[in-house]
Each structure stands twice: as C-alpha cells, then as structure tokens.
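Below, each chain spelled out in residue letters.
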Amino acid sequence: RCHINSPVLKYSSWLLGVTGSIDLLYWRNVKHSGAVFGSVLLLLFSLTQFSVVSVGAYLALATLSATISFRIYKSVLQAVQKTDEGHPFKSYLEMEISLSQDQIGKYADKALLYANTCMKELRRLFLVQDLIDSLKFAVLMWLLTYVGALFNGLTLLILAVVSMFSMPIVYEKHQAQIDQYVGLIRTQVNSVVGK
C-alpha cells in the first residue's frame, strides 16, 4: 500500500480537494472513478474541438433537456396514476448550497497565501537574488518552450488528468520497483550535481 507522504498522492489529493479523492484515484469504486475520469476527459476533448462558450452551452442544454424531460415524465406519471408525490427534485431544491462566511474566508486566506508566496518566489527568481536558482529557473523556462511547441495547454491538461488516474494505481502495484529506479535516478542526479 502506498504511503500518504508519496508525492503522487499529495499532488492528487491537493488537486481534487475532496475527501474521497484517494479512493477515486485508486479506482476503489470502478463505476465512480470511471464516471469522473470519462466525464473530465470528454469535457477536455470537447474543449479541443469547440470553444469554452459552446461547450458550456451544450452542457447546460444537455442538463436542461434531461431535467425537463424527467420532470415532464414524472408529472405525466403522477397524472396517470393519480398520485401526489410532488416535485421530483424537491429534496435537491430544499438543499442548502450557499457558502458560509467562514468557508469563503478560509479559501480566500489560502488563495492569498499561495498568491503572496508565488509573487515573492517569482520576484526572487526574476531579480536574481540567488544566481543558481535563477539559472535553474531559466533552464526550466527554456525547456518549457520546447514543451509548448509540442503541446498546447489542453493537451497538457489531458495528459495530467490521465496521469492522475493512472499513476497512483500503477505506483501502488509496482511501488518497490518504482522506488528502486527513482533511488537510482536520484543517486545519478546527485552525483552529476555534485560534480
């Protein structure tokens, strides 16, 4: 079993931000994981072909078509059976969905902390506070120009989603071998950096 301190798990949990994200990424419930994975991939592939506005409009129309059809079906069924079940979405309409002031404050504080940390780090790198770190950042940006020439942002996002849903389960099944190879790579990198 994979430890919670694994970088793959930390990144995946942070990205999804939901309680059951670990079970979702480890495909504990295949139907639930498949539905989320398929929906996200379908949305991303749709965005590669259509604009965000079109995809949003089509999704809204599809949802409205389903809910209106279900509402009409239930109304006809109630009329034929002469029952008084009420609105089929009553429980969802009565559900409280507003964010509390505390929740908004908590998320705003986290966003502010991340934004401030990011701005300080970028200032440090761009104004060359540490020459080595700035050179590493420059090399990373140079490598990203090649990545950008090969892939657009949506392709990278699709690859990230596929990785999120495949890497944790592969890591769980082959943890010993992966840790061994990562250790070898770290040793090589450390020896090259040391030289």
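Parameters and conventions
- Residues numbered from 1 in each chain as written.
- Predicted model: local features only at pLDDT ≥ 70, side-chain atom pairs only at ≥ 80, totals over all residues.
- Heavy atoms only, no water.
- UniProt positions renumbered as here; feature names shortened; annotations may be inferred.
- Phe/Tyr/Trp six-rings, centres within 6.5 Å; stacked < 30°, edge-to-face > 60°.
- Helix = DSSP H or I, 4+ residues; strand = E, 2+ residues; numbered from the N terminus.
- Buried < 20%, exposed > 50% of the residue type's maximum accessible area, 1.4 Å probe, protein only.
- Contact = heavy atoms within 4.5 Å.
- Axes fitted to C-alpha atoms, helices over the stretch in contact; angles between N-to-C directions.
- Parallel < 35°, antiparallel > 145°, perpendicular 65-115°, else oblique.
- Nonpolar A, V, L, I, M, F, W, Y, C, P; charged D, E, K, R; others polar.

Looking at an unreviewed UniProt entry, one finds the protein named Reticulon, with Esox lucius as its source organism. UniProt annotates the protein under Subcellular location (unreviewed entry) with the comment "Endoplasmic reticulum membrane".

### Points about the packing of aromatic side chains
Considering all chains together, one arrives at seven aromatic pairs under this definition. On the basis of an interplanar angle of 75° and a centroid distance of 6.0 Å, the ring pair of W27 and F165 is categorised as edge-to-face. In this pair, W27 sits in the loop between helix 2 (21–25) and helix 3 (30–49) while F165 sits in helix 8 (residues 153–173), placing the two residues 138 residues apart along the sequence. Ring centres of F126 and F137 lie 5.4 Å apart, and the angle between their planes is 85°; this geometry places the pair in the edge-to-face category. Residue F126 is found in helix 6 (residues 101–126), and its partner F137 is found in helix 7 (residues 131–150); the two are separated by 11 residues along the sequence. A residue is classified by how much of its surface remains accessible, and F126, at 58% relative accessible area, is exposed.

### As for the environment of V36
Within the secondary structure, V36 is located in helix 3. On the basis of relative accessibility, which here comes to 26%, the residue V36 falls in the partly exposed class. Sequence spacing of V36 and L25 is 11 residues, and the spatial spacing of their C-alpha atoms is 9.8 Å. Ignoring anything within four residues of it in the chain, the contact list for V36 reads L24 and F165.

### Some words on the packing of helix 6 against helix 7
Direction vectors running N to C along helix 6 and helix 7 enclose 100°, while the axes themselves pass 8 Å from each other. By the angle class used here, helix 6 and helix 7 are roughly perpendicular. In this structure, helix 6 uses L122, R124, L125 and F126 to contact helix 7, whose residues at the interface are D133, S134 and F137. For the contact of helix 6 with helix 7, a count of residues per class yields four nonpolar, one polar and two charged.

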